[in-house]
Amino acid sequence: MVKTMTKGKAKAGQVAELLDTQVANFSVLYMKLHHFHWYVKGENFFTLHVKFEELYNEAALHLDTIAERMLSIGAQPTATLKDQLQLASLTEANGEETAQDMVQALTDDLDAICSELTEGITVAENHEDQPTADLMTNIRTSLEKHRWMLQAYLSE
């Protein structure tokens, strides 16, 4: 359950819980992308090394934006790795991935986050929290583009 800083804040409930799951997801994704960036090998090293860096930089921005939105609605984002791993719907890299496996894992992760954001948009709108709905819509739009590009890469 998400901690609220101010009791009675209407938005610090179901919306905050959905946001906190994304704080956890983007924390896991950020580290997974670093792992992939550091350990990718093979003929597509140069392409994927740069792409993974681009994606972890974007993940960091989304993480910060979501956490700050939580704070602005009176909730406290999960801020320990242990808690984030327990809360996240994404899993860590296992260290055995090939370059192809890395891209597939990211495609699957982005798909999962996009599905959760879609649910979050609906919940935020039902709570008349348009700023949160807009935030999640903008993040989803960016992730959908990355997912499409990664799927195209896998179709080589």
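For the structure itself, look to the data block above.
Report follows, based on the coordinates. (Residues numbered from 1 in each chain as written. Predicted model: local features only at pLDDT ≥ 70, side-chain atom pairs only at ≥ 80, totals over all residues. Heavy atoms only, no water.)

The subject of this paragraph is the packing of helix α1 (residues 14-39) against helix α5 (residues 130-154). How two helices sit against one another is set out by the angle between their axes and by the gap between those axes. For the pair α1 and α5, interaxial distance at closest approach is 12 Å and the crossing angle is 30 degrees. By the criterion of interaxial angle, the relationship of α1 to α5 is roughly parallel. Taken as a pair, α1 and α5 cross one another with a handedness that is left-handed. Side by side, α1 and α5 meet where Val 15, Leu 19 and Phe 26 of the first sit next to Thr 132, Met 136, Ile 139 and Leu 143 of the second. (Axes fitted to C-alpha atoms, helices over the stretch in contact; angles between N-to-C directions. Helix = DSSP H or I, 4+ residues; strand = E, 2+ residues; numbered from the N terminus. Parallel < 35°, antiparallel > 145°, perpendicular 65-115°, else oblique. Left-handed = near helix turned anticlockwise from the far one by under 90°. Contact = heavy atoms within 4.5 Å.)

Counting 43 residues, the largest nonpolar core has Phe 26, Leu 29, Leu 33, Phe 52, Leu 106 and Leu 143 as the members making the most contacts within it. Counting residues per element, the ones that place at least two in this core are α1, α2 (45-72), α4 (99-126) and α5. Here the element with the most residues in this core is α4; it accounts for 12 residues. (Core = buried A, V, L, I, M, F, W, Y, C linked by side-chain atoms within 4.5 Å. Buried < 20%, exposed > 50% of the residue type's maximum accessible area, 1.4 Å probe, protein only.)

What follows concerns α4. Taking 1.5 Å of rise per residue, 28 residues should cover 40 Å, and α4 covers 41 Å from first to last C-alpha, within 8% of that figure. Glu 128 sits one or two residues past α4 and shows a positive phi near 55 degrees. (Expected span 1.5 Å × (residues − 1).)

This brings us to the environment of Lys 51. Position of Lys 51 relative to the elements: it lies in helix α2. Given the relative accessible area of 15%, Lys 51 is considered buried. When the C-alpha atoms of Lys 51 and Leu 117 are compared, they prove to be 23 Å apart, with 66 residues separating the residues in sequence. Among all residues touching Lys 51, those that are not within four sequence positions of it are His 146 and Met 149.

Taken as a whole and assessed by the stated rule, the structure comprises 5 salt bridges. Ionic pairing is found between Glu 54 and Lys 51, a salt bridge with its closest N-O pair at 3.3 Å. Here Glu 54 and its partner Lys 51 are both found in helix α2, 3 residues apart, which amounts to about one turn of the helix. Look at Glu 54 and you get partly exposed, because its relative accessible area is 37%. A salt bridge links Glu 144 to Arg 140; the nearest nitrogen and oxygen atoms lie 3.3 Å apart. Here Glu 144 pairs with Arg 140, and both are found in helix α5, just 4 residues apart, close to one helical turn. (Salt bridge = Lys/Arg side-chain N within 4 Å of Asp/Glu carboxyl O.)

This structure, assessed with the given rule, holds 3 aromatic pairs. When the ring of Tyr 30 is compared with that of Tyr 56, the centres are 6.0 Å apart and the planes differ by 85 degrees; the resulting orientation is edge-to-face. Residue Tyr 30 is found in helix α1, and its partner Tyr 56 is found in helix α2; the two are separated by 26 residues along the sequence. Judged by relative accessible area, Tyr 30 falls into the partly exposed class, the value being 27%. Of the residues examined, Tyr 56 reaches a relative accessible area of 10% and is grouped as buried. Summarising the aromatic geometry, the rings of Phe 36 and Phe 52 are spaced 5.7 Å apart at their centres and angled 50 degrees between planes, so their arrangement reads as tilted. Here the residue Phe 36 occupies a position in helix α1, and Phe 52 occupies one in helix α2, the gap between them amounting to 16 residues. The exposure class assigned to Phe 36 is buried, which follows from its relative accessible area of 0%. Residue Phe 52 is classed as buried on the basis of its relative accessible area of 0%. (Phe/Tyr/Trp six-rings, centres within 6.5 Å; stacked < 30°, edge-to-face > 60°.)

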